[in-house]
Amino acid sequence: MTTPTMIDPNRVFIFDTTLRDGEQSPGCTMTSAEKLEVARQLARLGVDIIEAGFPAASPDDLAAVQRIAREIGTADGPTICGLSRAREKDILTCWEGVKDAAKPRIHTFLGMSDIHMKYINNITREEGLKIVRDAVKLASSLSPDVEFSPMDAGRADIRYVIEACATAIEAGARTLNIPDTVGYVTPEEWGDFIGQLIAETPGGGVGSGVIWSVHCHNDLGLATANTLAGVLAGARQAEVTINGIGERAGNTSLEEVVMAIHTRGKIYGLTTGINTREIVKTSRMVSNYTGMSVQPNKAIVGANAFSHEAGIHQDGMLKHASTFEIMTPDTVGWTQSKLVLGKHSGRHALRERLKEMGHMLEGDALNQVFARFKDLADAKKTVTDADLEALLTDEFEGPEEIFSLVDIQVTCGTMGLPTATIKMKNAAGEEVIEAAVGSGPVDASFRALDRVVQAPNNLVEYSVHSITEGIDAMGEVTVRIATVEGERRTYGGYGADDDIIVASVKAYLAALNRMVAAMGLAGHQPEGDAASVGIAPTASPTA
Ligand code: KIV
Ligand code: ZN
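Conventions adopted
- Residues numbered from 1 in each chain as written.
- Chains lettered and ligands numbered in written order.
- Predicted model: local features only at pLDDT ≥ 70, side-chain atom pairs only at ≥ 80, totals over all residues.
- Heavy atoms only, no water.
- Helix = DSSP H or I, 4+ residues; strand = E, 2+ residues; numbered from the N terminus.
- Rg over C-alpha atoms; globule rule 2.2 N^0.38 Å.
- Buried < 20%, exposed > 50% of the residue type's maximum accessible area, 1.4 Å probe, protein only.
- Contact = heavy atoms within 4.5 Å.
- Donors = N, O, S within 2.8 Å, 3.2 Å for Na, K, Ca; no water.
- Salt bridge = Lys/Arg side-chain N within 4 Å of Asp/Glu carboxyl O.
- Near = heavy atom within 4 Å.
- Polar contact = N/O pair within 3.5 Å; in protein donor to acceptor, adjacent residues only side chain to side chain.
- Areas by Shrake-Rupley, 256 points an atom, 1.4 Å probe, with all protein chains shown as cover.
- Phe/Tyr/Trp six-rings, centres within 6.5 Å; stacked < 30°, edge-to-face > 60°.
- 1 Å grid on protein atoms, 1.4 Å probe; cavity = no way out; pocket = protein on both sides within 12 Å on 5 of 7 lines; lining within 4 Å.
- Points joined across faces, edges and corners; volume = space filled by probe spheres on them.
- Nonpolar A, V, L, I, M, F, W, Y, C, P; charged D, E, K, R; others polar.
- Domains from an automatic or database assignment.
- Patch = residues over 30% accessible without salt bridge, like charges linked within 9 Å, V, L, I, M, F, W, Y side chains within 5 Å.
- Pairing = 2+ DSSP bridges.

Draft legend 1. Examining the overall build of the protein chain more closely. When helices and strands are tallied, the protein chain shows 18 helices and 17 strands. Computed over C-alpha atoms, the radius of gyration of the protein chain comes to 25 Å, within 12% of the 24 Å expected from 2.2 N^0.38 for 543 residues, which places it in the range of a compact globule. Along the three orthogonal principal directions, the C-alpha set of the protein chain runs to about 75 × 60 × 40 Å. Looking at the protein chain residue by residue over its 543 residues, the buried ones come to 54%. For the protein chain, the share of sequence-separated contacts (at least 6 apart) that also reach a separation of at least 24 residues comes to 68%.

Draft legend 2. Region of interest: the coordination of the zinc ion (ligand 2). On the protein side, the zinc ion (ligand 2) has Asp 21 (OD), His 215 (NE2) and His 217 (NE2) as donor atoms, found 2.0 to 2.2 Å from it. Coordination of the zinc ion (ligand 2) draws on donor residues from a single chain, spaced D-x193-H-x1-H in sequence. Highlighted residues: Asp 21 in helix α1 (residues 18–22) and His 217 in the loop between β7 (211–216) and α9 (223–232), separated in sequence by 196 residues. Exposure remark for Asp 21: the relative accessible area of 2% places this residue in the buried category.

Draft legend 3. Structural detail: the pattern of salt bridges. Under the counting rule described, the total for this entry stands at 31 salt bridges. When the shortest N-O distance is used, the salt bridge between Glu 255 and Lys 298 registers 3.0 Å. With Glu 255 in helix α10 (residues 254–263) and Lys 298 in the loop between α12 (279–290) and α13 (311–319), the pair connects residues that are 43 residues apart, well separated along the chain. We note that Glu 255, like Lys 298, is buried. When the shortest N-O distance is used, the salt bridge between Arg 277 and Asp 330 registers 3.7 Å. Here Arg 277 is found in the loop between α11 (265–268) and α12, whereas its partner Asp 330 is found in the loop between α13 and β9 (339–342), with 53 residues between them in sequence. Classification of Arg 277 as partly exposed rests on a relative accessible area of 48%.

Draft legend 4. Highlighting the environment of Ile 300. Its location among the elements puts Ile 300 in the loop between α12 and α13. Exposure remark for Ile 300: the relative accessible area of 7% places this residue in the buried category. Apart from the residues within four sequence positions on either side, Ile 300 is in contact with Glu 255, Glu 256, Met 259, Ile 279, Ala 305, Phe 306, Met 327, Val 332 and Trp 334.

Draft legend 5. View of the side chain of Arg 20. Of note, Arg 20 is situated in helix α1. Filtering out sequence-adjacent residues up to four positions away, Arg 20 remains in contact with Glu 51, Gly 53, Phe 54, Leu 83 and His 215.

Draft legend 6. Up close: the site of ligand 1. All residues adjacent to ligand 1 are Arg 20, Asp 21, His 107, Phe 109, Ser 149, Met 151, Asn 177, Pro 179, Thr 181, His 215 and His 217. Within the side chain of His 215, an N or O atom sits 3.1 Å from an oxygen atom of ligand 1. At 3.0 Å from an oxygen atom of ligand 1 is found a side-chain nitrogen or oxygen belonging to His 217. Burial of ligand 1 by the protein chains amounts to 95% of its free accessible area of 260 Å². At the level of secondary structure, the elements contributing two or more residues to the shell around ligand 1 comprise α1, β4 (104–111), β5 (146–151) and β6 (175–180).

Draft legend 7. Layout of the packing of aromatic side chains. Enumeration according to the criterion identifies four aromatic pairs in this entry. Summarising the aromatic geometry, the rings of Phe 446 and Tyr 462 are spaced 6.1 Å apart at their centres and angled 80° between planes, so their arrangement reads as edge-to-face. Here the residue Phe 446 occupies a position in helix α17 (residues 441–453), and Tyr 462 occupies one in strand β14 (residues 457–466), the gap between them amounting to 16 residues. With a centroid separation of 4.1 Å and an interplanar angle of 15°, the aromatic rings of Phe 446 and Tyr 508 are classed as stacked. Of this pair, Phe 446 sits in helix α17 while Tyr 508 is found in helix α18 (residues 500–519), placing the two residues 62 residues apart along the sequence.

Draft legend 8. Layout of the environment of Glu 37. Here Glu 37 lies in helix α2 (residues 32–45). It is 27 Å that separates the C-alpha atoms of Glu 37 and Phe 306, two residues lying 269 residues apart in sequence. Residue contacts for Glu 37: discarding those within four places in its chain leaves Met 285 and Tyr 289.

Draft legend 9. Seen up close, the layout of surface pockets. Here the second largest pocket defines a volume of roughly 840 Å³. Considering the residues around the second largest pocket, the lining is formed by 32 residues, among which Glu 23, Thr 29, Met 30, Asp 61 and Arg 489 are closest to the centre. Elements supplying a minimum of two residues to the lining of the second largest pocket: α1, α2, α3 (59–71), β16 (490–497) and α18. Examining the composition of the lining of the second largest pocket, we find that four residues originate from one element, α18, more than from any other. Of the residues that constitute the lining of the second largest pocket, the class distribution is 11 nonpolar, 10 polar and 11 charged. Looking at which domains feed residues into the lining of the second largest pocket, each of domain 1 (13–290) and domain 3 (404–539) supplies at least three.

Draft legend 10. Up close: a nonpolar patch on the surface. A surface patch of nonpolar side chains, about 340 Å² in accessible area, is lined by Ile 115, Tyr 119 and Ile 120. In this structure, Ile 120 sits in helix α5 (residues 114–121). Of the residues examined, Ile 120 reaches a relative accessible area of 54% and is grouped as exposed.

Draft legend 11. Molecular detail of the pairing of strand β12 (residues 419–425). Along β12, the buried face is formed by Ala 420, Ile 422 and Met 424; none of Thr 419, Thr 421, Lys 423 and Lys 425, which line the opposite face, is buried. Across seven bridges, strand β11 (residues 404–411) lies against β12 in antiparallel orientation. Looking at the pairing, Ile 408 lines up with Ile 422 of β12. Examined bridge by bridge, β12 and strand β13 (residues 431–437) share seven bridges and lie antiparallel to one another. Paired with Thr 419 across the bridge in β13 is Val 437. Connecting β12 to the antiparallel partner β13 that follows it, the hairpin turn spans five residues, and Gly 429 within it adopts a positive phi of roughly 80°.

This is how it looks when you write it as structure tokens:
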């Protein structure tokens, strides 16, 4: 996890930008507490550098980066990096964000393609080089570790990128990150581009101590291939995000690059410091916090990544797993779906099973999970590891509960209108009861919730999947909602339950709680001591 002083030439440093490039993309907003938890998990995963945010973007971003620097940026933890434009004020704020980490880094950037120079910067090439020099000099006077990125390098003139990188190295940058900002390049040309930069940039050649890095976006679906081409050409830092989240089509996904290097050792001859068994857990955490679900056929972390449907494949798998699997599911942290516990299992058996899965639960936390487990075991014949993981996430990894669900009752079917009655607690701990009709049970439930929380929004994504097979499987729901007034912001939520309506309500409520916390909305207050009851009209435009 620590950046060695003697650099191992075969070591690829993993720079995770889930909390910056990932989080800044539509629908991936996380609260400060969630960012801290993700940073903690990234440290467990073994990433070398965490780009914790963009401190100059807002006071909240600055505070989140500071907290991560102080709590996660310990001497044996990862480097904590902040992003900053090549401007004095940004750089000073960035340093405020990261300076308390044992290993702080300032990452500064400037658009350097002709398109960015003309339409964004509106400066000459000479002026661009002066900005780079001044910015890197200032950053280096503050931080022992400075990274520079010539943004949109993938579409820039390589001669100018070489000049900019040489200028940055001379001014004190030790990591040169080359971004394909718009996901435009192909693996062959990117490999040549990176190779030429390393060979021709004054002060940046092999043995100079400079680390070359690649940062690829996925607009043509080539981000992983381009990153690996960059690494083969000599880059020794890969900038990635969990699940590949990020602007537009996303960034390079950490799990794909790491597992390609890990699985194809003969091709790459490289190593990373990643504890691959933490990959799935990290993926689920990021998906649950952002409400950005992972497509089932996503490499490594998708639900189908290790399932075998075709008869011939199943037959092969029964004979030997190597017939159709190039890596084992447990290498990346998929726990085998063993049918372990049922309704006769006691607290001790549950505690032991959770311990085997890496969760040490005692006291109240164990009691809480045990109560949920008993309810689930009553509804389902067997409770699998996957069920337990979902239950833990649902129980412990949500946003702050400003509003909480007490009870919900829904009637639906072919006779009559789907109707939901919901009992909630508001921020003051008072009970509120509301009811609504809708076009279906989920719609009715969401409308009833809307009547309590009163945070106008558009539902932009609602997805359900079952965790295990069978009619009694636990269901997981992720939702994303968007603000309808002011700047468009989106918030995600996750819920798991053996009742899919309850899982849906939990997910929607988690997203609403995030929105309310971020926007400071008060929500519905009951009048006097009496709980209020109302029926929403069917025409309201939610869900
Ligand atoms: O895509 C990009 O160019 C970036 C830079 C700020 C590194 O995210
Ligand atoms: Zn980017």
